[in-house]
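Below, each chain spelled out in residue letters.
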Amino acid sequence: MFQYLLPDKHEHGKKEVQFRIFKRGDCDDFQDVVQYMAMNGCRPATLRELLAFVIANPRMKIDVLVAVGSVWIDPSKGSQIAFFGNQYGPNLLLSDQNNTGNTKTLFLGVSK
């Protein structure tokens, strides 16, 4: 059974936001990425924002784009992070929160 952490009460309807893509680079884990985003005036994108970004940018060539702002809780697997993968066609997938991917992994941020 999955438990999804629901969006806060402010995430409904339509709104215009500015997205920014961050490279994993030298960050060791998701917390490092979140801190780096904050230092650059952004917050992690939610699952809803990730989907909106992918729909609005269908031709963008991105292998892996992670939304750290939404976490799924699976009692058998722990915390899972949503990401969009496009290596073998478009896919929405879950990954262990401790798996930050490789140095080519990209993270979606939203300007505050």
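To keep things clear, this report deals only with the structure shown in the data block. All figures in this text were calculated on a predicted structure; none of them were measured in a lab.

So, about the environment of G69. Mapped onto the elements, G69 comes out in strand β4 (residues 64-74). Separated by 35 residues in sequence, G69 and V34 have C-alpha atoms that sit 9.0 Å apart. Non-local contacts of G69, meaning those with residues more than four positions away in its chain, are made with P44, A45 and T46.

Here the distance between the centres and the angle between the planes together describe a pair of aromatic rings. Counted according to the given criterion, the structure contains two aromatic pairs. Aromatic pair F22 and Y36: ring centres 5.8 Å apart, planes at 85°, arrangement edge-to-face. Remark: Y36 occurs in helix α1 (residues 30-39) and F22 occurs in strand β2 (residues 19-23); sequence separation between them is 14 residues. A relative accessible area of 3% means that F22 is categorised as buried.

Cut-off values and rules
- Residues numbered from 1 in each chain as written.
- Predicted model: local features only at pLDDT ≥ 70, side-chain atom pairs only at ≥ 80, totals over all residues.
- Heavy atoms only, no water.
- Helix = DSSP H or I, 4+ residues; strand = E, 2+ residues; numbered from the N terminus.
- Contact = heavy atoms within 4.5 Å.
- Phe/Tyr/Trp six-rings, centres within 6.5 Å; stacked < 30°, edge-to-face > 60°.
- Buried < 20%, exposed > 50% of the residue type's maximum accessible area, 1.4 Å probe, protein only.

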